[in-house]
2 protein chains.
Amino acid sequence: MSLSRVRRVSLAHSVSSQLSRAIVAGDFPAGSQLSEPSLAATLGVSRAPVREALIELELRGLVEFDPQGHTRVPTLTPADLQEIHALRLAIDPLAASLAAEHATADVFAALEANIAATKDAKTLADVSRLDADFHDRIVKSGRNRRLMLCWSGLRDQVELWLTQMQLRHQAITKRTRQQTVDSHNKLLEVIRSGDPKQAAALAGDHVAGWIELLPTVTAVPKG
Amino acid sequence: MSLSRVRRVSLAHSVSSQLSRAIVAGDFPAGSQLSEPSLAATLGVSRAPVREALIELELRGLVEFDPQGHTRVPTLTPADLQEIHALRLAIDPLAASLAAEHATADVFAALEANIAATKDAKTLADVSRLDADFHDRIVKSGRNRRLMLCWSGLRDQVELWLTQMQLRHQAITKRTRQQTVDSHNKLLEVIRSGDPKQAAALAGDHVAGWIELLPTVTAVPKG
DNA sequence: GGGCCTCATTCTGTCGACAACATACAATCA
DNA sequence: TGATTGTATGTTGTCGACAGAATGAGGCCC
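Quick caveat: nothing in here was measured; it's all calculated off a predicted structure. (Residues numbered from 1 in each chain as written. Chains lettered and ligands numbered in written order. Predicted model: local features only at pLDDT ≥ 70, side-chain atom pairs only at ≥ 80, totals over all residues.)

1. Points about the overall build of chain A
Step number 1: Scanning chain A from N- to C-terminus turns up nine helices and three strands.
Step number 2: The C-alpha radius of gyration computed for chain A amounts to 19 Å, which stays within 12% of the reference 17 Å derived for 223 residues, consistent with globular compactness.
Step number 3: When the backbone C-alpha atoms are referred to their principal axes, chain A occupies close to 55 × 50 × 35 Å.
Step number 4: When burial is assessed residue by residue, chain A has 37% of its 223 residues classed as buried.
Step number 5: In chain A, the share of contacts with a sequence separation of at least 24, taken over all contacts with a separation of at least 6, comes to 78%. (Helix = DSSP H or I, 4+ residues; strand = E, 2+ residues; numbered from the N terminus. Rg over C-alpha atoms; globule rule 2.2 N^0.38 Å. Buried ≥ 20, exposed ≤ 12 C-beta atoms within 10 Å, placed from the backbone. Contact = placed C-beta atoms within 7 Å.)

This is the structure in structure tokens:
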């Protein structure tokens, strides 16, 4: 039997990850207030870890503090989404180019598995989750911690936006799914080829394509 | 007389800004441990606001938590600087293109004043501060909060790196200064022209130029 | 009946205290 | 002497408590 390193996990971290999952999943309506005492009571901890988690979530864009100091779930507007997309148009090409330089075989395997899974996706939530995971692996393979930090914040906010638009359970069209699969396949191949510039260019196209895809899905909310 | 909104400023915010200034200024040696009790005693507050400030500083990259939970001033390596520069190569063009779309007359005035001040810069610290301010205004004029957040973190870390390299008081050559002035002038003009694509391209060149400039100043530390 | 004042509630910001844990050092034993 | 144990100190993670501010309900006066 091999012993593995014991890692102590703080309550604040548990609260943070639980809260971020809950917020992204839509457990709290947009604009609703998160009171520290009530969260602390619900989670069975004191206010201190809750407070620390909220500070972290604020910097990640999953909650915001109003002028009175109350914590609220932000109501993401089209302008917010535009901000996010503008940043992604700058970030994703960098991620792809770094991946082209540093990615290893196991990354490719994971990306292939991800694409295979995407072919079975039924809802927008499935595609979204798999897409986020796909880009997660690309970003991580680039080995740039600061880039990862920036990306993870954007990713969570996109997920939150999907939830707030009530798009999570909308069925996807074959065309949307196929488009995603094709796009990811191309991205994977160019990264595997190891050409940073081509990878960056294609990643930019990928994001731009996704942005253009949005109106078609937002046009019919409540699938 | 016009009344401005009274903003209550929390101790945590004061601690955060004081600490970030102190860290960037080099008051704490690289790698040194920041103990909460001692900081709290020095600042005359309890540990709670100090803790909150440290969490914020960690997400901004000005401190890091080691596995034991101790807070340390990160020792920025060349690899860190490379990470930062890679991100800036992606971020700055976006900032410039947004500025080209949204910047107003007062921004141009401020940028002109900044360039004028740069002509009198004596040390690398001067140039660095003015350069950071120059880009600050460009980023802010783009009206993308998420971009501003990302940028401000990078800016502080670059400042910290300059401090750790003991480059702050190094005299600058006329050539370096002139190069900065010329580059900023060109950037200002292309932003003023309102062409986002050109602005983005030029901003990328600007960052790349600055990166290439670095070896020449790091080659002779301790001016 | 409408506007104003008071009060109760709730929340945040801050504080001091305690337990668990890590680290360094001194003491002990083979 | 060298390894091990015990101890003392310092630090973090967490908790409960309190003051000040904001908010809303309810009563009161005109």
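2. Focus on the protein's contact with DNA strand C
Step number 1: Taken together, 17 residues lie near DNA strand C, and Ser 35, Glu 36 and Gly 69 of chain A together with Leu 11 and Ser 46 of chain B sit nearest.
Step number 2: Of all the elements in the fold, those that place two or more residues in the surface near DNA strand C are helix 2 (36-43) of chain A together with helix 1 (11-25) and helix 3 (47-59) of chain B.
Step number 3: Partitioned by chemical class, the residues of the surface near DNA strand C number six nonpolar, eight polar and three charged. (Near = placed C-beta within 6 Å. Nonpolar A, V, L, I, M, F, W, Y, C, P; charged D, E, K, R; others polar.)

3. Describing the protein's contact with DNA strand D
Step number 1: Within the structure, DNA strand D sits among 16 residues, and Leu 11 and Ser 46 of chain A together with Ser 35, Glu 36 and Gly 69 of chain B are positioned closest to it.
Step number 2: Secondary structure elements with two or more residues in the surface near DNA strand D: helix 1 (11-25) and helix 3 (47-59) of chain A together with helix 2 (36-43) of chain B.
Step number 3: Looking at side-chain class alone, the surface near DNA strand D contains six nonpolar, eight polar and two charged residues.

4. Concerning the environment of Ile 84 of chain A
Step number 1: Structurally, Ile 84 of chain A is set in helix 4 (residues 78-102).
Step number 2: What makes Ile 84 of chain A buried here is the crowd of 22 C-beta atoms within 10 Å.
Step number 3: Separated by 14 residues in the primary sequence, Ile 84 of chain A and His 70 of chain A have C-alpha atoms spaced 24 Å apart.
Step number 4: Not counting chain neighbours up to four residues away, the residues in contact with Ile 84 of chain A comprise Leu 154, Gln 157 and Val 158 of chain A together with Arg 146 of chain B.

5. Examining helix 6 (residues 124-141) of chain A
Step number 1: The first and last C-alpha atoms of helix 6 of chain A sit 25 Å apart over 18 residues, in line with the 26 Å expected at 1.5 Å per residue.
Step number 2: Listing the buried residues of helix 6 of chain A in full gives Leu 124, Val 127, Ser 128, Leu 130, Asp 131, Phe 134, His 135, Ile 138, Val 139, Lys 140 and Ser 141 of chain A. (Expected span 1.5 Å × (residues − 1).)

6. As for the nonpolar core
Step number 1: Residues Ala 95, Ala 96 and Ile 191 of chain A together with Ile 91, Ala 95 and Ala 96 of chain B are the most contacted members of the largest nonpolar core, which totals 107 residues.
Step number 2: Not counting residues up to four positions away in its chain, the partners in contact with Ala 96 of chain A are Ile 138, Leu 187, Ile 191, Ala 199, Ala 200, Leu 202 and Ala 203 of chain A. (Core = buried A, V, L, I, M, F, W, Y, C linked by C-beta atoms within 7 Å.)

7. Things to note about the relation of the copies chain B and chain A
Step number 1: Rotating chain B by 180° about the axis while translating it 0.1 Å along that axis superimposes it on chain A, leaving an RMSD of 0.2 Å. Such values leave the two copies arranged in the relation of a two-fold axis. Distance from the rotation axis, computed per C-alpha, reaches its smallest value in chain B at Ala 90 of chain B: 2.6 Å.
Step number 2: A symmetric contact is evident, with 100% of the interface residues of chain B recurring at the interface of chain A. (Least-squares fit on C-alpha atoms with pLDDT ≥ 70 in both.)

8. Here's the deal with the sheet that holds strand 3 (residues 71-72) of chain B
All names here are of chain B.
Step number 1: Taken together, three strands build an open sheet; the order of strands is 1-3-2 and the sheet is antiparallel. Edge strands, defined here as strands with exactly one partner in the open sheet, are strand 1 (33-34) and strand 2 (64-65).
Step number 2: Pairing analysis gives two bridges linking strand 2 to strand 3, with the strands arranged antiparallel. Bridge pairing in strand 3 links Phe 65 to Thr 71. (Pairing = 2+ DSSP bridges.)

None of the figures reported here should be taken as evidence of function without further support.
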